[in-house]
Amino acid sequence: MNFLRGVMGGQSAGPQHTEAETIQKLCDRVASSTLLDDRRNAVRALKSLSKKYRLEVGIQAMEHLIHVLQTDRSDSEIIGYALDTLYNIISNDEEEEVDDVEEENSTRQSEDLGSQFTEIFIKQPENVTLLLSLLEEFDFHVRWPGVKLLTSLLKQLGPQVQQIILVSPMGVSRLMDLLADSREVIRNDGVLLLQALTRSNGAIQKIVAFENAFERLLDIITEEGNSDGGIVVEDCLILLQNLLKNNNSNQNFFKEGSYIQRMKPWFDVGDENSGWSAQKVTNLHVMLQLVRVLVSPTNPPGATSSCQKAMFQCGLLQQLCTILMATGVPADILTETINTVSEVIRGYQVNQDYFASVNAPSNPPRPAIVVLLMSMVNERQPFVLRCAVLYCFQCFLYKNQKGQGEIVSTLLPSTIDATGNSVSAGQLLCGGLFSTDSLSNWCAAVALAHALQENATQKEQLLRVQLATSIGNPPVSLLQQCTNILSQGDKIDRRGSKIQTRVGLLMLLCTWLSNCPIAVTHFLHNSANVPFLTGQIAENLGEEEQLVQGLCALLLGISIYFNDNSLESYMKEKLKQLIEKRIGKENFIEKLGFISKHELYSRASQKPQPNFPSPEYMIFDHEFTKLVKELEGVITKAIYKSSEEDKKEEEVKKTLEQHDSIVTHYKNMIREQDLQLEELKQQISTLKCQNEQLQTAVTQQVSQIQQHKDQYNLLKVQLGKDNPHQGSYSDATQMNGIQPEEVGRLREEIKELKSNQELLQSQLAEKDSLIENLKSSQASPGTNEQSSATASAQDSEQIAELKQELATLKSQLNSQSVEITKLQTEKQELLQKTETFAKPAPVPGESEAVAAAKTTDVEGRLSALLQETKELKNEIKALSEERAAIKEQLDASNSTIAILQNEKNKLEVDVTDSKKEQDDLLVLLADQDQKIFSLKNKLKELGHPVEEEDELESGDQDDEEDEDEDNGKDQGPI
C-alpha cells in the first residue's frame, strides 16, 4: 500500500493527526474485540468517517472489513455497516461540496482512489465470490449495500470483475435473482448492476439471456406502463440493448422466443393530447433504438431479414408507420421513427411494398414517400430530419428494382399528371435538384442516384426525361441539364456549401454513367462536356476544389472505361490522348486519388446512414464510396493501357462474348434436349404400361382360345363315339353333382341328430330311477323331462318326414337331370347333322337334276330338324322351371332343418340344467341318508326297535317296480 500512502501524503488537505489515530483505534477494536456489540459499534463509526476520510479509512480498515464479512455473517447489522463502508471507499460518488478551485483535482483524485481500492479488493478473487454469496441473503440491510458495492466495482474495473464473476459457480444466476425481488429498490438497483455486468461481454450476455432475462425485463416494462413508465423502463431498455447489440445469438433467441411481438404495445402512443413528458420521449427514443438493434445493417443478412419479417407479421411496422404519419409527435421522436422504419424496410421486399402503399392522412391522401420527400427538399425543416428522410428513401430503394422503376416512371412524360393537382416523387426530386439550396441539391442528387443503383434499365429510361427550362425554348434532357448546372459552377448564388451542389451532381452522373455505355454515349454527344472536365482537372485550384477535380477525373475515367467507341470523335484512344496532352496521366491519377484521401470519405464508407453533425460535412454517400472503391483501380489500368492492349482486350472481350454466346446456345440446346428426353421418357413409360396391358390381354385370350379348343375336341370325341347318350349322361351328372352332395350332407346331419337324440334318451333313462325315488320333492322336474321326451319324439317324426321328402326330391332330380342330358345330346347330334348336310361334297359326273333333288331333300330335313329343336327348347324351358321349383323346396327344407337344429340346441341346454338339478338332489339325498343313519344309531342306543336295511330296500324296490309299470303304461313306446 505504499502508493496509497504516497497519494495520502501528497494530499493538500489530509486528515488531522487525531482523526487518523481515531481511525486506527477503531480498526484495532474491530480486529481485537471479542464482543460483537463492540465490533459493530466500531464498524458503524468507520462508516460515518468513510465519506470524509475516504483514503485513511480505505488504507487502514479495508482488510478488517473484509474479515468482518467472512466471520460475522450471522449478524446482518454489522455486515450491512461493513458493506456500506466499503461502498463509500470504492465509489466515486461525491456528496460533499468542493470548492471551485479544487474541483478538478478532487475529481481526478477521487477516480484514482476508486480504481486503486477496487484493484486491492479484487486482487483476491475470493472477495468477489464472498460478495456474491452475501447477495443470497434476503435481509434488506445486507442485499442492498451488496448490490451497490458490486455495481461500483464493475464501474471501476469492469472487465476484471466480469471475469471473476464469470468463472465463479452460479455467479450470474445469483445476480439474476435480483430481478425477482419484491422490493423495488433492490430490483431497480439490480437492473443497474446487470447493465454494468453485461457491458461489452458477450459470454455474460448469453448467460443472462438464457437465464430468462428477456421475459423478466419485458414483464417489468409492462408493469411500469411501457413508454409511459418512469426511469425504471429506461434502465430495463438499456439492459436489453446491452444484451442484444452485436450479439447474434441473443438476437436469434429474442426472435425465436416471440419477444418481438411483445414490443408492439410500446408504440401505442394513444391520443395526440395525451402529452409527451420528457421521460416518455426518452423511453420511446430508447425503444426505437432497440428495434434498430435487431434490424441493423451490420447484422448478418439472414438474421436481419427474419427480424424484418417478424416485425411485419406482428404489426410492428404498421404501428411505426402510424407514428410516422401522426401529428403532434416531437421532432426527435419523429426523426428516430423515420430512421427505425428505414432499417425495418431496408432490403426486404415485402416491407418495402407495404411502405409504398402507406398514405398520409391528408385530403386528398398522399403517399408517405411523397410527404417525406417534401420534408427533405424543404430547407426550413431540421437538418437531422432531412437526413433521416434521405436515409428512409435510400432504404426503400435498396435492392428494390420495383421501387426504382416506380420512382423513375414518375419522371417520364407518359406518367406526369397534366392537371398539376398532385405532386409526384420525381417532380419533387427534380425541384430539389435545381433549387437554390445546396443541401436540397445534394439530397435530391443522391436520392436520384439510388434510384439508378445497379439497375441498367432505369439508367436507360432516365435518358428519356425531358425538362422545360423556360418558355419558348426547346426542352432539354435531364442529363444535359445536370451538366449545364455543373458547368455554371459558382455563378448561381446558392445558400449553403459552395461545392455541395457540384459534388452531388457529379456523384449522380458517375452513378448514372457507370455500367451503362448508352448513357456514356449520350454524355459524350454533348461536345462541351469533355472540354469542361479536362479544364476542371487541369487547373491548379485550392484544397476545397480538389475534391471536385477528383470527381471530374472519375467521371472522365468512367466515360473512357465504359465507352463502346460508337462516337468517332470520342473513342477510348482519343480520350486517352487528350488526357495525356492536356492533363498528363500521372496528374490525372493523382487527382483521381483525391477522392479516397478525403477526410470525409472514410467516415461515409463506414455506415449506410447519412449521419452528419452539420450540413458542411454532408459530402459523400455510402453507396458512392463503394462505387469509387470498385472503379478507381480499373480506371487507373485503363488510362495506362496502350492502344494495342485495348485492341487485344477488345478482341478478348469479343471472343469471350462469342464464347459466351456459343455456351449459351449450347446450354439452350442442352436444355431443349433435356426437355425432349423427359418427354420421350414419359412416352416410353406410357408405352410400356400399354404393352404390359396388351400382353396380359393376349395371354387371357390365348387361354380362352385353348379352353375353346379343348371343349371343341371333347365334343368332337363325344360325337365320334357309338353311344353318345352315356357321355352326355356323365356330363349331366357332373354338372348336377351339387344336388347329391347337399343330400349327403343332410343325411349326415340327420344321423348326428339321431345319435344325439339316442344319447339324450339314454341319459334320461338312467336318471328316471333317481327321479322316481324323489317324487315327493321333484314333481316339477319330472314333468319337465316328460315334456322334453315328447318334444324329442315329435322332432324324430319331423325328421323322418323330411327324409322321405328328400328321397322323393332326389329321385325327381335324378330323373330330370337324365332327361335334360338326353335332350342336350340329341340337340348336339341334330346340330352336327345340320352342319354335315349343309355342306355336301360334290361328286363328279352327277347331273344338275340329281343335285337339285338332293338339295330339296336336305332343305326338308333341315326344316324338320328346326321344328324338333324348337320343341326341345320348350321342353328344356319347362324342365328348368320345374328344377327352380325343386330348388325352392330344398331351400325350405334347409330352413326347417335349421329350425330343428335350434330346437335341438335348446333341448341340450334343458338337459344340462336338469343334470345340474339332479346332482344337487343327489347331494341332498346323501345328506338325508347320513342324517337317517345317525338317527337310527341314536334310536338303537335309546333302545327303540329299528327295521333292518335289507327289508327297507326290498320294500323300496317293490314300490319302484310298481311305479315303473305305471309310468310305462302312461308313456307308451318311445
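Residues numbered from 1 in each chain as written. Predicted model: local features only at pLDDT ≥ 70, side-chain atom pairs only at ≥ 80, totals over all residues. Heavy atoms only, no water.

Engineer: Before we move on, could you go through the overall build of the protein and cite the residues and values that matter?
Structural biologist: When helices and strands are counted, the protein shows 41 helices and four strands. Out of the 974 residues in the protein, the part that is buried amounts to 41%. Here the contacts in the protein between residues at least 6 apart in sequence split such that 73% fall between residues at least 24 apart. Carbon and sulfur atoms provide 52% of the accessible area of the protein, an area that totals close to 54,100 Å². (Helix = DSSP H or I, 4+ residues; strand = E, 2+ residues; numbered from the N terminus. Buried < 20%, exposed > 50% of the residue type's maximum accessible area, 1.4 Å probe, protein only. Contact = heavy atoms within 4.5 Å. Areas by Shrake-Rupley, 256 points an atom, 1.4 Å probe, with all protein chains shown as cover.)

Engineer: Provide a residue-level description of a negative patch on the surface, including the pertinent values.
Structural biologist: Together, Asp-910, Asp-913, Glu-917, Asp-919 and Asp-920 make up a negatively charged patch on the protein surface. Mapping Asp-913 onto the fold places it in helix α40 (residues 848-942). (Patch = residues over 30% accessible without salt bridge, like charges linked within 9 Å, V, L, I, M, F, W, Y side chains within 5 Å. Salt bridge = Lys/Arg side-chain N within 4 Å of Asp/Glu carboxyl O. Lys, Arg positive; Asp, Glu negative; His and termini not counted. Charge placed at Lys NZ, Arg CZ, Asp CG, Glu CD.)

Engineer: Can you break down the packing of helix α29 (residues 529-538) against helix α31 (residues 572-582) residue by residue, with the values?
Structural biologist: The contact between α29 and α31 brings their axes to 10 Å, and the two run at 35 degrees. Of the two possible hands of crossing, α29 and α31 adopt the one that is right-handed. Contacts between α29 and α31 involve Val-530, Thr-534 and Ala-538 from the first element and Leu-575, Leu-578 and Arg-582 from the second. Of the residues contributing to the contact of α29 with α31, the split by class is four nonpolar, one polar and one charged. (Axes fitted to C-alpha atoms, helices over the stretch in contact; angles between N-to-C directions. Left-handed = near helix turned anticlockwise from the far one by under 90°. Nonpolar A, V, L, I, M, F, W, Y, C, P; charged D, E, K, R; others polar.)

Engineer: How would you summarise the packing of aromatic side chains if you had to cite specific residues and measurements?
Structural biologist: Under the counting rule described, the total for this entry stands at twelve aromatic pairs. Ring centres of Phe-214 and Tyr-259 lie 5.8 Å apart, and the angle between their planes is 55 degrees; this geometry places the pair in the tilted category. Taken together, the positions of Phe-214 in helix α12 (residues 202-223) and Tyr-259 in the loop between α14 (248-256) and α15 (278-294) put the pair 45 residues apart, joining distant regions of the chain. Both residues of the pair, Phe-214 and Tyr-259, belong to the buried class. Sitting above the plane of the Tyr-87 ring, Lys-148 keeps its charged end 5.1 Å from the centroid. Across from the ring centre of Trp-144, 4.1 Å away, lies the NZ or CZ of Lys-148, which sits over that ring. (Phe/Tyr/Trp six-rings, centres within 6.5 Å; stacked < 30°, edge-to-face > 60°. Lys NZ or Arg CZ within 6 Å of the ring centre and 35° of its normal.)

Engineer: I'd like a description of the packing of helix α4 (residues 54-71) against helix α7 (residues 125-134), backed by residues and values.
Structural biologist: The geometry of a pair of packed helices is captured by two quantities: the angle between their axes and the separation between those axes. Packing of α4 against α7 leaves a shortest axis separation of 11 Å and a crossing angle of 45 degrees. Relative to α7, the element α4 lies oblique. For α4 against α7, the interelement crossing comes out left-handed. Here α4 contributes Ile-66, Leu-69 and Gln-70 to the contact with α7, which in turn contributes Asn-127, Leu-130 and Leu-134. Counted by class, the contact of α4 with α7 contains four nonpolar, two polar and no charged residues. (Parallel < 35°, antiparallel > 145°, perpendicular 65-115°, else oblique.)

Engineer: Please set out helix α23 (residues 425-433) residue by residue, giving values where relevant.
Structural biologist: Summarising burial for α23: seven of the nine residues are buried, a large majority. If you check which residues of α23 are buried, you get Ala-425, Gly-426, Leu-428, Leu-429, Cys-430, Gly-432 and Leu-433.

Engineer: Please give an account of the side chain of Ser-173 that cites residues and values.
Structural biologist: Along the chain, Ser-173 turns up in helix α10 (residues 171-176). Since its relative accessible area comes to 12%, Ser-173 is described here as buried. A polar atom in the side chain of Ser-173 sits 2.8 Å from the side chain of Glu-211. (Polar contact = N/O pair within 3.5 Å; in protein donor to acceptor, adjacent residues only side chain to side chain.)

Engineer: So, the environment of Lys-25: which residues are in play, and what are the values?
Structural biologist: With respect to the secondary-structure elements, Lys-25 resides in helix α2 (residues 17-32). Spatially, the C-alpha atoms of Lys-25 and Ala-42 are 8.9 Å apart, while their sequence positions differ by 17 residues.

Engineer: Explain the pattern of salt bridges to me, using residue names and the numbers behind them.
Structural biologist: One pass over the full model with this rule turns up 22 salt bridges. Arg-183 is paired through a salt bridge with Asp-181; the nearest N and O atoms lie 3.0 Å apart. Exposure class is identical for Arg-183 and Asp-181. Each is buried. Because the salt bridges share partners, they merge into one network encompassing Asp-37, Arg-40, Arg-44, Asp-75 and Glu-77.

Engineer: Please provide a residue-by-residue account of a nonpolar patch on the surface, values included.
Structural biologist: On the surface, a cluster of nonpolar side chains totalling about 370 Å² of accessible area is made up of Ile-662, Tyr-666, Met-669 and Ile-670. Mapped onto the secondary structure, Ile-662 falls in helix α36 (residues 643-720).

Engineer: Break down unusual backbone geometry for me, citing the residues and quoting the values.
Structural biologist: In this structure, Pro-364 follows Asn-363 across a cis peptide bond, with omega equal to 0 degrees. With respect to the helices, strands and loops of the structure, Pro-364 is situated in the loop between β1 (359-360) and β2 (366-367). With a phi angle near 55 degrees, Lys-399 is a residue other than glycine that sits in the positive phi range. In this structure, Glu-454 is a non-glycine residue whose phi angle is positive, near 55 degrees.

Engineer: So, the environment of Thr-282: which residues are in play, and what are the values?
Structural biologist: Looking at where Thr-282 falls in the secondary structure, it is placed in helix α15. For Thr-282, a relative accessible area of 29% puts it in the partly exposed group. Taking the C-alpha atoms as reference points, Thr-282 and Asp-332, separated by 50 residues in sequence, lie 9.7 Å from one another. In this structure the side chain of Thr-282 is engaged in a polar contact, spanning 2.9 Å, whose partner is the backbone oxygen of Ala-278.

Engineer: Can you lay out the confidence of the model for the protein for me, pointing to particular residues and giving the numbers?
Structural biologist: In this model, the protein carries an average pLDDT of 82, and 77% of its residues clear a pLDDT of 70 or more. Taken as a whole, residues 776-792 scores under 50 in pLDDT and shows eleven contacts with residues more than four places along the chain or in a different chain. Note on residues 837-847: pLDDT under 50 across the span, and three contacts to partners over four residues away in sequence or across chains. (pLDDT = per-residue confidence, 0-100.)

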